[in-house]
Amino acid sequence: MKGFFLSREDVVKLLLVTLIVVNTLPLGAALFWTLFLCLFFFLRRKNIVFYQDSFSLNADLCFAPINGKVVSVSKSRSENGSETVLIKIVLGRFGPVGLYMPFEGVVENLESFDSKAGVVKWANFTKRPNRYNLALLNKTGQKTLFTFIKRPLGFAPRLYVEPGDKGKALACFGYFPLGGSLTVKLPASAKALVSPGDKLKAGNTAIAGF
């Protein structure tokens, strides 16, 4: 099932404007507006993930936050020297773009990387476009870091959460237009449940167990 990152009122307004444009403007302008509107809806589309209580109540699983394909699964060391489980995922350029909570938890922090200045800035505003790092704590306090990397010609992910926000598993919290890649860093005690080449479906594919 498909939906949009727009309210019903906004969709109705856009359709009314389209009706006026088609009936008042020349054919060329009306065609241009129609194509623009189709592209706009395409970039703002999302999958509607239905809540599954048997999954959302299981705090021991981490589900795929977005549709994609697993590139690699490995173990790595973080900057502080602790071992982590690393899962790299590539997102389809034209696939569904919705982002969903992988488990019930709380947002610890959000960061954005300024490539020009070479520093990490804290993201303080909900609609700021350059948000790349999202740290979530599950119900037992274990931290998982999600790093979103946009394509050179793509759009940065849009996340509608702030530090301290709590979310239910599978709740939609943003979108990632035109895809990119996602790196998931899990605690060393986590067990990866996917392998390279596996296709992931947001909210349905369990990628790891805590």
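Given the structure is predicted, the values throughout are model-derived calculations rather than measurements.

Asks: Help me out: how do you make sense of the overall build of the protein chain in this one?
Replies: Assigned secondary structure in the protein chain consists of 3 helices and 17 strands. Taking all 210 residues of the protein chain together, 42% fall into the buried category. A sequence separation of at least 24 residues applies to 71% of the contacts in the protein chain between residues at least 6 apart. Element-wise, carbon and sulfur atoms account for 62% of the exposed surface of the protein chain, whose accessible area totals about 11,600 Å².

Asks: I'm lost on the sheet that holds strand β6 (residues 98–100) in this one. Help?
Replies: Two pairing modes exist for strands in a sheet, parallel and antiparallel, and in both the strands are linked by backbone hydrogen bonds. Strand order in the open sheet formed by 3 strands is β6-β13-β11, with antiparallel pairing between adjacent strands. Only two strands of the sheet have a single partner each, and these edge strands are β6 and β11 (158–159). Here 2 bridges tie β11 to strand β13 (residues 172–175), and the two strands are oriented antiparallel to one another. Among the inter-strand pairings, arginine 158 is bridged to a residue of β13, identified as tyrosine 175.

Asks: How do you make sense of empty space enclosed by the protein when you look at a structure like this?
Replies: Summed over the entire model, instances satisfying the criterion amount to 1 cavity of 30 Å³ or more. Each pocket or cavity is described by its volume, and for the largest cavity that value is around 30 Å³. Every residue lining the largest cavity is listed: Ile66, Asn67, Leu91, Gly92, Pro96, Val97, Phe176 and Gly179. Taken together, the residues of the lining of the largest cavity break down into 5 nonpolar, 3 polar and no charged.

Asks: Just to check I follow, could you spell out the sheet that holds strand β3 (residues 61–63) for this structure?
Replies: Spatially, the 3 strands line up as an open sheet ordered β3-β17-β15, and their pairing is antiparallel. With one partner strand each, in any of the chains shown, β3 and β15 (191–192) form the two edges of the open sheet. Two elements, β15 and strand β17 (residues 206–209), share 2 bridges in a ladder whose sense is antiparallel. Note that in β17 the partner of lysine 191 across the bridge is glycine 209.

Asks: Explanation requested: the packing of aromatic side chains in the structure shown.
Replies: For any pair of aromatic rings, the description consists of the separation of the ring centres together with the inter-plane angle of the planes. As enumerated under the stated definition, the model contains 4 aromatic pairs in all. Here tyrosine 160 and tyrosine 175 contribute two aromatic rings whose centre-to-centre distance is 6.2 Å and whose plane-to-plane angle is 40 degrees, an arrangement assigned as tilted. Here tyrosine 175 lies in strand β13 and tyrosine 160 lies in the loop between β11 and β12 (166–167), a separation of 15 residues in the sequence. Note on tyrosine 160: relative accessible area 36%, which makes it partly exposed. In this structure tyrosine 175 comes out as buried when scored by relative accessible area, which is 4%.

Scoring rules and cut-offs
- Residues numbered from 1 in each chain as written.
- Predicted model: local features only at pLDDT ≥ 70, side-chain atom pairs only at ≥ 80, totals over all residues.
- Heavy atoms only, no water.
- Helix = DSSP H or I, 4+ residues; strand = E, 2+ residues; numbered from the N terminus.
- Buried < 20%, exposed > 50% of the residue type's maximum accessible area, 1.4 Å probe, protein only.
- Contact = heavy atoms within 4.5 Å.
- Areas by Shrake-Rupley, 256 points an atom, 1.4 Å probe, with all protein chains shown as cover.
- Pairing = 2+ DSSP bridges.
- 1 Å grid on protein atoms, 1.4 Å probe; cavity = no way out; pocket = protein on both sides within 12 Å on 5 of 7 lines; lining within 4 Å.
- Points joined across faces, edges and corners; volume = space filled by probe spheres on them.
- Nonpolar A, V, L, I, M, F, W, Y, C, P; charged D, E, K, R; others polar.
- Phe/Tyr/Trp six-rings, centres within 6.5 Å; stacked < 30°, edge-to-face > 60°.

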